[in-house]
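Descriptive structure summary
One letter stands for each residue in the lines below.
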Amino acid sequence: MNDKVLTAPAQEIRYCNTPDDVRIAYTVTGQGSPIVRAAHWLTHLEKDWESPVWSLFLHDLSRHHRIVRYDARGTGLSQRKVPGYSFEAMLTDLETVVDAAGFEKFALLGVSQGGATAIAYALKHPERVSHIVLYGAFARGHRFLIENESDQKLYDATMTMIAEGWGSENPAYRHYLSGLFLPNGTAAQVRWHTELERDSATPEMAAKIFEAVSNIDIKDMLPQVNVPVIVLHQREDRVVPFVLGQQIAALVPGARFVPLDGTNHLFLPNEPSHQVFMREVAKFLGDPPYKENDGFFEEHVRKLDSAVNKVEQHSVYRLFTASSRAIGIASAIVGAISVALVWLFG
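Owing to the predicted nature of the structure, the values given are computational and were not obtained by experimental measurement. (Residues numbered from 1 in each chain as written. Predicted model: local features only at pLDDT ≥ 70, side-chain atom pairs only at ≥ 80, totals over all residues. Heavy atoms only, no water.)

1. Structural notes on the overall build of the chain
Rule in force here: Counting from the N terminus, the helices are the DSSP runs of H or I reaching at least four residues and the strands are the DSSP runs of E reaching at least two. Here, two residues are considered to be in contact whenever any of their heavy atoms come within 4.5 Å of each other. In these tables, accessible area is a Shrake-Rupley quantity obtained with a 1.4 Å probe, and a residue counts as shielded only by the protein chains included in the view.
Helix and strand content of the chain: 13 helices and 8 strands. Of the contacts made within the chain by residues no fewer than 6 positions apart, 76% connect residues no fewer than 24 positions apart. Surface summary for the chain: the accessible area is close to 14400 Å², and the carbon and sulfur share equals 53%.

2. Quick word on helix α9 (residues 242-251)
Note the following rule: The buried label goes to any residue with under 20% of its type's maximum accessible area, the exposed label to any with over 50%, and the partly exposed label to all in between, with areas taken from a 1.4 Å probe on protein chains only. As used here, the arc is the angular range of directions from the helix axis to the C-beta atoms.
Considered for burial, the residues of α9 that qualify are Phe242, Leu244, Gly245, Ile248 and Ala249. Summarising the axial view, the buried residues of α9 lie within an arc of 170°, below the 170-degree limit, and thus occupy one face. Along its buried surface, α9 packs onto β6 (129-135), β7 (229-234) and β8 (256-260).

3. Looking at helix α8 (residues 203-214)
Filter applied, for reference: In this scheme, a helix's expected span is set at 1.5 Å multiplied by one less than its residue total.
Counted at 1.5 Å a residue, the expected span for α8 with its 12 residues is 16 Å, and the 16 Å between its end C-alpha atoms agrees. Taken together, the buried positions of α8 are occupied by Met205, Ala206, Ala207, Ile209, Phe210, Ala212, Val213 and Ser214.

4. Re the pattern of salt bridges
It is possible for side chains bearing opposite charge to pair when their charged atoms get close. Counted only if it meets this: Here a salt bridge means any side-chain nitrogen of Lys or Arg lying within 4 Å of a carboxyl oxygen belonging to Asp or Glu.
Applying the stated criterion across every chain, the model contains 14 salt bridges. A salt bridge links Glu149 to Lys153, with the nearest nitrogen and oxygen atoms 3.7 Å apart. Here Glu149 and its partner Lys153 are both found in helix α5 (residues 149-165), 4 residues apart, which amounts to about one turn of the helix. In this structure, Arg256 engages Glu280 in a salt bridge whose closest nitrogen and oxygen atoms are separated by 2.4 Å. Taken together, the residues Arg256 in strand β8 and Glu280 in helix α10 (residues 272-285) connect sequence positions 24 residues apart. By relative accessible area, which is 10% here, Glu280 ends up buried. When salt bridges with common partners are traced through the structure, they connect Asp20, Arg73 and Asp93 into a single cluster.

5. A look at the environment of Asn270
Residue placement: Asn270 occurs in the loop between β8 and α10. When its relative accessible area of 53% is taken as the criterion, Asn270 is described as exposed. On a C-alpha basis, the gap between Asn270 and Leu56 in space is 9.7 Å, while along the polypeptide they are 214 residues apart.

6. Some words on the confidence of the model for the chain
The line we're drawing: A score between 0 and 100, pLDDT records how confident the predictor is in each residue.
When pLDDT is averaged along the chain, the result is 83, and 79% of the positions lie at 70 or above. Note that pLDDT drops below 50 for residues 1-8; the model gives that stretch 23 contacts with residues more than four away or on any other chain. Scored below 50 in pLDDT, residues 314-346 makes 47 contacts in the model with residues more than four places away or belonging to other chains.

7. Quick notes on the sheet that holds β7
Applied cut-off: Here the rule is simple: two strands pair whenever DSSP picks up at least two bridges between them. The convention used is that axes are lines fitted to C-alpha atoms, helices contributing only their stretch in contact, and that angles between N-to-C directions extend from 0 to 180 degrees.
Sheet architecture is open: 8 strands sit in the order β1-β2-β4-β3-β5-β6-β7-β8, paired in mixed fashion. Only two strands of the sheet have a single neighbouring strand rather than two, namely β1 (13-17) and β8. The mean inter-strand angle of the sheet, taken between neighbouring strand axes irrespective of direction, is 25°. In this sheet, β7 lies alongside β6 in parallel orientation, the contact comprising 4 bridges. Within β7, the position partnered with Tyr135 by the bridge is Leu232.

8. Observations regarding empty space enclosed by the protein
How we decide: In this analysis, the protein atoms alone were mapped onto a 1 Å grid. Cavities are point sets where a 1.4 Å probe fits without being able to get out; pockets are open sets with protein on both sides within 12 Å along at least five of seven lines; lining residues have an atom within 4 Å of a point. Grid points are joined across faces, edges and corners, and a volume is the space filled by probe spheres set on the points. Following the grouping adopted for this structure description, the nonpolar residues are Ala, Val, Leu, Ile, Met, Phe, Trp, Tyr, Cys and Pro, the charged ones are Asp, Glu, Lys and Arg, and the polar ones are all others, Gly among them.
Applying the stated criterion across every chain, the model contains 6 cavities of 30 Å³ or more. One number sums up the size of the largest cavity: a volume of about 260 Å³. Looking at the largest cavity, it is lined by 26 residues, and the ones nearest its centre are Trp41, Ser112, Phe181, Val239 and His265. For the lining of the largest cavity, the secondary-structure elements that each account for two or more residues are α5, α6 (171-181), α7 (187-200), α8 and α13 (328-345). Examining the composition of the lining of the largest cavity, we find that 4 residues originate from one element, α6, more than from any other. When its volume is computed, the second largest cavity comes out at roughly 100 Å³. If you go around the second largest cavity, the residues you meet are Asp60, Leu61, His64, His65, Met278, Val281, Ala282, Asp287, Pro288, Pro289 and Tyr290. With 3 residues, α10 is the single largest residue contributor to the lining of the second largest cavity. Classifying every residue of the lining of the second largest cavity by side-chain character gives 7 nonpolar, 2 polar and 2 charged.

9. Digging into the nonpolar core
Quick reminder of the rule: Residues grouped as a nonpolar core are buried Ala, Val, Leu, Ile, Met, Phe, Trp, Tyr and Cys residues, joined through side-chain atoms within 4.5 Å.
Membership of the largest hydrophobic core comes to 99 residues, with the highest contact counts inside it found for Trp41, Phe57, Ile132, Val133, Leu232 and Phe277. Beyond its immediate chain neighbours, meaning those up to four positions away, Ile132 contacts Leu108, Ala118, Ile119, Ala122, Val225, Val227, Pro228, Val229, Ile230 and Phe284.

10. Section: the packing of helix α3 (residues 87-101) against helix α4 (residues 114-124)
Applied cut-off: Each angle is binned into one of four classes, with values under 35 degrees roughly parallel, values over 145 roughly antiparallel, values of 65 to 115 roughly perpendicular, and all other values oblique. Take the far helix as the reference: if the near one is turned anticlockwise from it by less than a right angle, the crossing is left-handed, and if turned clockwise, right-handed.
Two elements in contact, α3 and α4, have axes separated by 10 Å at closest approach and are oriented at 65°. Relative to α4, α3 is oriented roughly perpendicular. For the element pair α3 and α4, the recorded crossing hand is right-handed. Residues Phe87, Met90, Leu91, Leu94, Glu95 and Val98 of α3 pack against Ala116, Thr117, Ala120, Tyr121 and Lys124 of α4. In terms of residue class, the contact of α3 with α4 is made up of 8 nonpolar, 1 polar and 2 charged.

11. A look at the packing of aromatic side chains
Which entries qualify depends on this criterion: Two rings from Phe, Tyr or Trp (for Trp, the six-membered ring) form a pair when their centres are within 6.5 Å of each other. A pair whose planes differ by under 30 degrees is stacked, one over 60 is edge-to-face, and the rest are tilted. For a Lys NZ or an Arg CZ to count as sitting over a ring, it must be within 6 Å of the ring centre and within 35 degrees of the ring normal.
What the rule picks out here adds up to 7 aromatic pairs. Plain terms: the ring middles of Tyr135 and Phe277 are 5.9 Å apart, the flat faces sit at 90° to each other, and that makes the pair edge-to-face. Of this pair, Tyr135 sits in strand β6 while Phe277 is found in helix α10, placing the two residues 142 residues apart along the sequence. Residue Tyr135 is classed as buried on the basis of its relative accessible area of 3%. Take Phe277: its relative accessible area is 1%, and that puts it in the buried class. Through pairs of rings, three or more aromatic residues link up here, namely Trp54, Phe57, Tyr135 and Phe277. A cation sits over an aromatic face here: Arg37 above Trp54, 5.3 Å from the ring centre.

Below, the structure written as structure tokens:
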């Protein structure tokens, strides 16, 4: 079955090398003022561009901006075999891609863990950053939510699940993360997300990334930020609790906070949060007002819905869902761990 659910304009994949000789894949799309998206967990330049989750967001943003995206080391189309993963490496990847793209001054978009990378970059290179847009971001990783032995056991269980179940042919082992990131996603969106887990990184690399992200701590950097910042966050985010977005907004001088009414860590094409995000970010960046009724949104969603319907009617997809329902014990185990993860993270 073809994983591409939307016919999208072609994008050109480019490569650059970091100072520690790691090959990073990046792409530049769209026209207008530049925005650089700091890498976050689970990206794949090709699959994201045509996915039922990210495509509307990326295409909509590219209508008014020149967007730079890249896959972090060890993930997506970037070099897969790397010696290690750290917050310093995340910052190095961003610095390398920005230099390769040739942008002198730009806005930074930090989604989830990318928010911390964006903040660190802005403090190190303040002359190059015009604005920072944060969505679903946090200043301190999951390690800092551990308060007792029970919390530690849950954290260790998560590491074990990622290391042993990531990329498994049994979808039950990968489904629990999709349940957190996209609790209101359609069957096709959830399936795409679970497949992205396998396509974006190996189990070993996924575990290394999870550990590095869990140890992020840039809280002390926040009061030092001296560029305009907007923080947007879903009220019922199960991966990064709403209060963590509020914390960033409270500690960054002059930051603007925009609550979004939603549950998914990644807002979906049919959610009101998408248009609220686009409208607020356009206002923040000084763009022309976001045109909500120009037909682009409706046409894109229509194409997505049509493609998703075709996927869901495919015989292979029906066999996949039937097989998934048949996995009783494994699903029960994963479901229990999902509940534990929600309790740990939120």
